[in-house]
Structure formats: C-alpha cells, structure tokens
Amino acid sequence: MIEVQRGDSPLVLGLPHTGTDIPDDVLAGLNDTGRAMADTDWHIHDLYADLVADVTTVRTPMHRYVIDVNRDPSGISLYPGQNTTTLCPLTDFDGRAIYHAGNAPDAAEIMRRTDLYHAPYHAALAAELDRVKARHGFALLYDCHSIRGDIPFLFAGRLPDFNIGTNEGQSCAPEIEAGLHRICTNADGYSNVLNGRFKGGWTTRHYGRPGEGFHAIQMELAQATYMHEAPPWPYEAARAAALRTHLKTGLEFLKNWRPR
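Residues numbered from 1 in each chain as written. Predicted model: local features only at pLDDT ≥ 70, side-chain atom pairs only at ≥ 80, totals over all residues. Heavy atoms only, no water.

(A) Region of the structure containing the side chain of Arg71. Here Arg71 is to be found in the loop between β3 (56-59) and α4 (107-136). On the accessibility criterion, Arg71 (12% relative accessible area) is buried. A polar contact is formed between the side chain of Arg71 and the backbone oxygen of Thr85, at a distance of 2.8 Å. (Helix = DSSP H or I, 4+ residues; strand = E, 2+ residues; numbered from the N terminus. Buried < 20%, exposed > 50% of the residue type's maximum accessible area, 1.4 Å probe, protein only. Polar contact = N/O pair within 3.5 Å; in protein donor to acceptor, adjacent residues only side chain to side chain.)

Take a look at the structure:
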C-alpha cells in the first residue's frame, strides 16, 4: 500500500527508499547481506516529518531490494560506465551479492515486481503531481534520499553532505536549482555539490519537465549528517536537529517559489 499524505501547496515530497518491507517470498531468497538491508535511506521520513506545513508526501513501504522505484523500469542504467545497483538489485552498495545462489530474480520475476510495486508508486506520485499542478499551474517534486558517505564501490572519497541533482539543470527551472544550491552553500559547517555523483535518479529525470510545468529536484544527504552510518543505524537527534534547520529553509523556499 502506497502511503500518501496530501497537502495543498505545489510541493510534493517523494520517499522512495525509506521502506523496510520485504515480502516473504523475496525474503526467502535473500542471504544475510540482503537481509541486513544496509542500503536503506534510514530515518528519512522522520527527518523530513512536519518540517513545513501543507506539503504532499508519497512513500512506498517496500524495500529497495524488492524493487528500486527510483530506477528506470526498462532496466536502462542511469549512470552508464559507473557502478550502480539495478531495478531489482543483485548486490548491495559495496558490490556484495544479496541473494543466495540461484535465487536472483529472473526477467519474469522482475516484471512481476514492477507491476506490483514500482507501477503503483509512480501512479500515486504522478496523480499527486497532476493534482497540485491543476490547482497551482505547476508542481514541484523534491525527491528525498540519503546514503552512507563512504562507499568506494560507488564513488571515490567522501561524499559531500548535500548532493543536489537536477539532471544537469534539465529537470527544473534555473531559479529552483540556484535557490536551493544557495541555501545549501550558506549552511555553515556543511558541504555541498550540484550535479556531482548523484544527478537525480529516474524519478527526477522522468517527472522533471519544466517546459510542461513539472519541476523536480533530488536531494541526496550523506547519512552522517543526521545518524550513525553503521548498524544498528541509530538516529542522532542533535545532528538531525541541526540539519533539519537547513532542510526547513530549503523546503520553505521551494514551497513558496512561483514561476515568473
């Protein structure tokens, strides 16, 4: 069941990777690495909860190891030539297998999961974007993500704290990109990058059609900004409170933005 909380502002938050539900038939095929679910966007729905009023949120409770709703349903890689995980991941972010031998999903199983879990999430997300666009004349999607800051399999060095993705400026109006980047740059004690390793996933690229009134931007946070990046992945209240101040500023800017 896709979780939708409706607001009346133009701003919609996507929450694609906070879920930890894994159906029994999928769980049975996962090895201990897969069952650890290390690549969850831990606590992101709590981090963003109640930051600003009157925004819409769309969340899937299903874990990304079942199917990654931020991947192209056709299976095309978002980052050709770079290590990444697939629509139905076979490895974790460290490149380790997550299935017992012989249990990886085949093409028919991937299609089944796409129909059961990927399609309903995007049907709900698209419906909410259409709804707020009908009310305001435009819609603005902010896709909420987080990841460990040190994953050599995916990127070299330490990831910046704020990673803003706009598909190289193609997914939103320039003022949206510039305004959020400015807020992150002015956040004392935090680092940021615009369209670095993470330029926006399939959600940002698919829905970001500014010429049609749909704007999309992805925020990938380094998890150390609000939690401990090791099991059992505890939420760090003091760190989170400091970060939430800046996230609130960013969301208020986006919520109040209007096309010229």
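(B) The arrangement of the packing of aromatic side chains in detail. Under the criterion given, the structure shown has six aromatic pairs. Ring geometry for Tyr48 versus Tyr142: centroids 5.6 Å apart, planes at 65 degrees, classification edge-to-face. Residue Tyr48 is located in helix α3 (residues 44-48), and its partner Tyr142 is located in strand β4 (residues 139-147); the two are separated by 94 residues in the primary sequence. For Tyr48, a relative accessible area of 5% translates into the label buried. The interplanar angle of 80 degrees and the centroid separation of 6.2 Å between the aromatic rings of Phe155 and Phe198 together place this pair among those described as edge-to-face. You can see Phe155 sitting in the loop between β4 and β5 (162-165) and its partner Phe198 sitting in the loop between β6 (192-194) and α6 (202-207), a full 43 residues away along the chain. In this pair, the class of Phe155 matches that of Phe198, namely buried. In this arrangement the basic side chain of Arg197 is found over the ring face of Tyr79, its NZ or CZ atom lying 4.8 Å from the centre. The ring of Phe198 is capped by Arg197, whose NZ or CZ atom sits 5.2 Å from the centre of that ring. (Phe/Tyr/Trp six-rings, centres within 6.5 Å; stacked < 30°, edge-to-face > 60°. Lys NZ or Arg CZ within 6 Å of the ring centre and 35° of its normal.)

(C) Up close: the state of the cysteines. Applying the stated criterion across every chain, the model contains zero disulfides. The thiol sulfur of Cys144 is not disulfide-bonded, and the nearest other cysteine sulfur, from Cys184, lies at 13 Å. Residue Cys184 stays outside any disulfide, its sulfur separated by 12 Å from that of Cys172, the closest cysteine. (Disulfide = S-S within 2.5 Å.)

(D) Quick peek at the packing of helix α5 (residues 174-185) against helix α7 (residues 237-256). Viewed as axis vectors pointing N to C, α5 and α7 meet at an angle of 160 degrees, and their least axial separation amounts to 9 Å. In this view, α5 runs roughly antiparallel relative to α7, as classed from their interaxial angle. Like other packed secondary-structure pairs, α5 and α7 cross with a definite hand, here right-handed. Here Glu175, Ile176, Gly179, Leu180 and Ile183 of α5 come into contact with α7, specifically with His246, Thr249, Gly250, Phe253 and Leu254. A breakdown of the residues in the contact of α5 with α7 according to their chemical character gives five nonpolar, four polar and one charged. (Axes fitted to C-alpha atoms, helices over the stretch in contact; angles between N-to-C directions. Parallel < 35°, antiparallel > 145°, perpendicular 65-115°, else oblique. Left-handed = near helix turned anticlockwise from the far one by under 90°. Contact = heavy atoms within 4.5 Å. Nonpolar A, V, L, I, M, F, W, Y, C, P; charged D, E, K, R; others polar.)

(E) Representation of the pairing of strand β7 (residues 214-222) in the model. Burial of β7 is extensive: nine of the nine residues sit out of reach of the surface. Side chains of β7 alternate between two faces, with Phe214, Ala216, Gln218, Glu220 and Ala222 and His215, Ile217, Met219 and Leu221 buried alike. Bridging between β5 and β7 involves four bridges; their strand directions are antiparallel. Counterpart to Phe162 in the pairing with β7 is Leu221. (Pairing = 2+ DSSP bridges.)

(F) Representation of the environment of Ala238 within the structure. Within the secondary structure, Ala238 sits in helix α7. It is 7.8 Å that separates the C-alpha atoms of Ala238 and Tyr226, two residues lying 12 residues apart in sequence.

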